[in-house]
Amino acid sequence: MLNNITLGRFFPGNSFIHKLDPRVKILLMIVLLFTVFLSANYLSLFVNFFAIMLFVSLTKINLKTYLKSMKFILFIVLFTGMLNIFYAKGTAIFKLGVFVITDEGFNNSIFVSMRLIMLILVSSLLTFTTSPTSLTYAIERLIRPLAKFKIKTHELAMMMTIALRFIPTLLEETDKIIDAQKSRGANLETGNILNRIKSFVPVLVPLFVSSFRRAYDLALAMECRCYKGGEGRTCMKILRIGSNDIWAILIVFGLLVFVLIINSLFPAVRL
Amino acid sequence: MAKIEIQDLTYIYSEGTPAAKKALSNINLCIKKNEFIGIIGRTGSGKSTFAKHLNALLKPTEGKVILDGKDIWDEPKEIRNVRFKVGMVFQYPEHQLFEETVYKDIAFGPSNMGLPKDEIEKKVYMACEFINLDFDLLYKSPFELSGGEKRKVAIAGVIAMDPEVLILDEPTAGFDPKSKEQLLYQLHCYYKNRGKTVILISHNMDDIAKYSDRIIVLDNGNLVMLDSPKRVFSQIDLLKSIGLEPPQITSIMQALKEEFPDLSDEILSVDEAVEALSNFVKNR
């Protein structure tokens with residue numbers, strides 16, 4: 001039941017994007033998000049979308065997987081799109097009773113929806129192609145300068161790794177507990193909201209208990225292997241920026257510059 | 001009369017995705033009322049998946065599960081009644097405890113059935129007695145108990161629903177020999193004295209051989225055999241080919257038979273072996 005969520009999952013592969021340095025990937029994702037929000041007219045929006053779809057196809061992960069990750073957010077996209085189309089003031093282009101679609105409203109809803117979709121695509125691009133461990137390792141390296149302000153960067157990254165590592169385990173556990181309580185006649189599917197929340201107590205309590213048990217076991221196991229935090233710790237994989245990474249940086253920054261040029265050449269859409 | 005009838009049961013995990021996997025294929029069998037059934041098969045052979053179909057936790061991809069002459073999926077709204085009739089104890093059931101007191105936890109099943117209060121109380125005490133649980137523990141928190149006691153509470157929670165069919169998935173995993181023997185004996189009583197059907201999934205062939213009337217052998221989602229322990233465990237080559245072994249004493253007797261062809265090899269317990277061997281020695 002809970003195995004169908006693809007948002008935020010990692011799909012192992014061997015593509016150009018998979019092999020990029022995770023630090024580079026994180027930073028480039030941020031740059032890409034900027035270009036998405038900087039695009040001010042249809043042409044730059046389209047160029048952006050085209051580029052992102054190109055990156056998506058480079059990952060060699062089925063497009064369906066990306067669409068699946070959007071399933072939950074598609075509702076929000078549609079909802080905000082609808083709100084924007086009706087609730088903007090401006091020159092009317094379509095009228096039906098109380099419903100008035102304005103020029104601005106139309107543009108606005110397209111821009112908002114497209115930006116949301118691209119946002120999800122870009123973040124999926126990162127999480128689909130980067131294993132949780134290299135992701136946290138990259139974050140650890142990126143926030144290392146903060147150690148100067150007495151922030152325990154290694155511990156933060158370790159906590160993130162552990163949290164990510166246990167998501168599938170806990171999902172599996174939840175499935176098992178739900179089955180067990182259903183076998184005892186727990187009614188989890190019907191009833192009003194209050195009853196439904198109440199009926200999840202038999203699932204949540206055992207889940208909490210087992211999370212604590214797992215945390216305790218893990219802490220013990222780490223201590224048995226003499227784990228004592230980041231000081232003096234070396235890494236098995238050393239991140240290096242290669243020629244692929246430089247290409248990726250050039251392409252993404254090229255896109256940024258291109259979008260900025262289009263923005264300055266053509267008038268911005270009224271929002 | 002058949003208590004449970006399985007017709008052409010096929011189950012495919014995550015159907016329609018690239019990860020689709022056939023877990024059960026085309027299983028046909030009948031389980032009688034008041035029968036002790038053992039299910040064996042190596043890890044991943046589909047034992048648990050099969051069991052989950054019996055109390056409607058999984059819906060067959062194809063085929064039917066018929067309980068008391070009625071397809072359990074005919075009325076999806078009545079599915080909870082199936083679960084009250086067919087009780088299921090999962091692996092490590094102690095992980096499902098959640099109430100403040102042991103009493104409340106055991107009463108969870110019966111109160112979901114909508115029974116009146118005095119009836120619930122009766123069932124809780126009955127279940128405790130059955131599983132040999134100290135009444136003093138009833139008003140403690142389940143999280144204060146030892147591992148073995150927790151397991152007992154969890155099993156009592158299913159017994160308290162008084163199911164007509166009781167399924168247990170590896171209930172004795174991690175038990176010491178004495179508690180294991182006790183629990184199996186109690187299950188035997190549940191079947192013998194109260195006329196219920198018990199289905200036991202286990203990797204311990206000695207236990208299965210000792211208690212079952214019939215044994216279901218699964219391999220890779222297929223039904224390989226459904227027969228009496230004697231017949232199942234005499235098929236030594238077939239068992240070995242699907243990664244199973246007969247009980248130790250049976251293996252010994254089968255090895256002896258190769259030396260002394262007069263000996264019987266359909267032997268499942270130490271007592272039977274002693275008898276057979278002493279007879280053999282006397283007659284020489």
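Parameters and conventions
Residues numbered from 1 in each chain as written. Chains lettered and ligands numbered in written order. Predicted model: local features only at pLDDT ≥ 70, side-chain atom pairs only at ≥ 80, totals over all residues. Heavy atoms only, no water. Helix = DSSP H or I, 4+ residues; strand = E, 2+ residues; numbered from the N terminus. Rg over C-alpha atoms; globule rule 2.2 N^0.38 Å. Buried < 20%, exposed > 50% of the residue type's maximum accessible area, 1.4 Å probe, protein only. Contact = heavy atoms within 4.5 Å. Areas by Shrake-Rupley, 256 points an atom, 1.4 Å probe, with all protein chains shown as cover. Lys, Arg positive; Asp, Glu negative; His and termini not counted. Charge placed at Lys NZ, Arg CZ, Asp CG, Glu CD. Phe/Tyr/Trp six-rings, centres within 6.5 Å; stacked < 30°, edge-to-face > 60°. Axes fitted to C-alpha atoms, helices over the stretch in contact; angles between N-to-C directions. Parallel < 35°, antiparallel > 145°, perpendicular 65-115°, else oblique. Nonpolar A, V, L, I, M, F, W, Y, C, P; charged D, E, K, R; others polar. Core = buried A, V, L, I, M, F, W, Y, C linked by side-chain atoms within 4.5 Å. Pairing = 2+ DSSP bridges. Right-handed = clockwise from strand over helix to strand, strands pointing away. pLDDT = per-residue confidence, 0-100. Buried area = accessible area lost by both parts, 1.4 Å probe. Salt bridge = Lys/Arg side-chain N within 4 Å of Asp/Glu carboxyl O. Polar contact = N/O pair within 3.5 Å; in protein donor to acceptor, adjacent residues only side chain to side chain.

Thoughts on the overall build of chain A
- Assigned secondary structure in chain A consists of 9 helices and 2 strands.
- Each helix and strand of chain A, ordered N terminal to C terminal, gives the series α-α-α-β-β-α-α-α-α-α-α.
- Here the C-alpha radius of gyration of chain A, 23 Å, is well above what a compact globule of 271 residues would show, namely 18 Å.
- Along the three orthogonal principal directions, the C-alpha set of chain A runs to about 65 × 55 × 40 Å.

Some details on the overall build of chain B
- Within chain B, the regular secondary structure consists of 11 helices and 10 strands.
- The C-alpha atoms of chain B give a radius of gyration of 20 Å, which matches the 19 Å a tight globule of 284 residues would have.
- Put simply, chain B has 284 residues, and 50% of those count as buried.
- Counted over contacts in chain B with a minimum sequence separation of 6, partners at least 24 positions apart contribute 63%.
- Carbon and sulfur atoms provide 48% of the accessible area of chain B, an area that totals close to 13,400 Å².
- In chain B, 36 side chains carry a positive charge and 43 a negative one; their mean positions are 3 Å apart.

Notes on the environment of Phe 130 of chain B
All names here are of chain B.
- When you line up the elements, Phe 130 lands in helix α4 (residues 117-131).
- For Phe 130, a relative accessible area of 14% gives the class buried.
- The sequence separation of Phe 130 and Tyr 190 amounts to 60 residues, and the corresponding C-alpha distance is 8.5 Å.
- Excluding residues that lie within four positions of it along the chain, Phe 130 makes contacts with Ile 159, Gln 186, Tyr 190 and Arg 194.

Some remarks on the packing of aromatic side chains
All names here are of chain B.
- Counted by the stated rule, this structure contains 14 aromatic pairs over all chains.
- Ring centres 5.6 Å apart and planes at 85° place the aromatic pair Phe 36 and Tyr 191 in the edge-to-face group. Note that Phe 36 is positioned in strand β3 (residues 36-40) and Tyr 191 in helix α6 (residues 177-192), a separation of 155 residues in sequence. Tyr 191 matches Phe 36 in its accessibility class, with the two residues each being buried.
- Here the aromatic rings of Tyr 125 and Phe 135 are separated by 4.9 Å at their centres, their planes lie at 85°, and the arrangement is edge-to-face.

What to know about the packing of helix α1 (residues 22-38) of chain A against helix α4 (residues 103-129) of chain A
All names here are of chain A.
- For the pair α1 and α4, interaxial distance at closest approach is 10 Å and the crossing angle is 170°. Put simply, α1 runs roughly antiparallel to α4. Seen from α1, the contacting residues are Lys 25, Ile 26, Met 29, Leu 32, Leu 33, Val 36 and Phe 37; seen from α4, they are Arg 115, Met 118, Leu 119, Val 122, Ser 123, Leu 126 and Thr 129.
- When its residues are assigned to classes, the contact of α1 with α4 shows 10 nonpolar, 2 polar and 2 charged.

Looking at the nonpolar core
- Ile 40, Ile 106, Leu 133, Leu 166, Leu 187, Val 217 and Phe 233 of chain B are the most contacted members of the largest nonpolar core, which has 50 residues in total.
- Not counting residues up to four positions away in its chain, the partners in contact with Ile 40 of chain B are Lys 47, Ser 202, Met 205, Ile 208, Ile 215, Ile 216, Val 217, Leu 218, Phe 233 and Leu 244 of chain B.

Looking at the pairing of strand β8 (residues 197-201) of chain B
All names here are of chain B.
- With respect to burial, β8 is a largely interior element, 5 of its 5 residues being buried.
- Of the two faces of β8, the one lined by Thr 197, Ile 199 and Ile 201 and the one lined by Val 198 and Leu 200 are each fully buried.
- Judged from the 4 bridges that link them, β3 and β8 form a sheet pairing that is parallel. Bridging from a neighbouring strand, Gly 38 pairs with Leu 200 of β8.
- Across 5 bridges, strand β7 (residues 165-169) lies against β8 in parallel orientation. If you follow Val 165 over to β8, its bridge partner there is Thr 197.
- On the question of chirality, the crossover connecting β7 to the parallel β8 by way of α6 is right-handed.

Overview of the sheet that holds strand β1 (residues 2-13) of chain B
All names here are of chain B.
- Read from one edge to the other, the open sheet built from 4 strands follows the order β2-β1-β4-β5, with strand pairing classed as antiparallel. The open sheet has two edge strands with one neighbour each: β2 (21-32) and β5 (70-71).
- Pairing of β1 with strand β4 (residues 62-67) involves 5 bridges; the strand directions are antiparallel. Considered in β4, the bridge of Thr 10 is made with Glu 62.

Quick look at the confidence of the model for chain B
- Looking at chain B as a whole, its pLDDT mean stands at 89, while 98% of the residues score no less than 70.
- No element of chain B has a lower mean pLDDT than helix α10 (residues 248-259) of chain B, which averages 86, and none a higher one than β8 of chain B, which averages 95.

Quick word on the interface of chain A and chain B
- Taken residue by residue, the interface counts 17 residues in chain A and 20 residues in chain B.
- Here chain A and chain B share an interface that buries about 1,600 Å² over both sides, 57% of which is from carbon and sulfur atoms.
- Taken as a group, Asp 179, Ser 183 and Arg 184 of chain A account for 42% of the area that chain A buries against chain B, more than any other trio of residues on that side.
- Remark: the boundary between chain A and chain B carries 2 salt bridges.
- With its nearest N and O atoms 3.1 Å apart, the salt bridge here joins Arg 184 of chain A to Asp 105 of chain B.
- Our count for the contact surface shared by chain A and chain B stands at 7 residue pairs in polar contact (both at pLDDT 80 or more).
- Looking at the side of chain A that touches chain B, the elements with two or more residues in it are α6 (153-183) and α8 (201-224) of chain A.

Some details on the sheet that holds strand β6 (residues 86-89) of chain B
Residue and element names in this part refer to chain B.
- Reading across the sheet, the 6 strands line up as β6-β7-β8-β3-β9-β10 and stay open at both edges, with mixed pairing between neighbours. Each edge of the open sheet carries a strand with a single partner, namely β6 and β10 (222-227). Mean inter-strand twist for the sheet, computed between neighbouring axes without regard to direction, equals 15°.
- Set on the sheet, helix α1 (residues 47-54) makes contact with β3, β6, β7, β8 and β9 (214-219); between it and β8 the angle comes to about 155°.
- Sitting on the sheet, helix α5 (residues 147-159) touches β6 and β7, and the angle it makes with β6 is about 170°.

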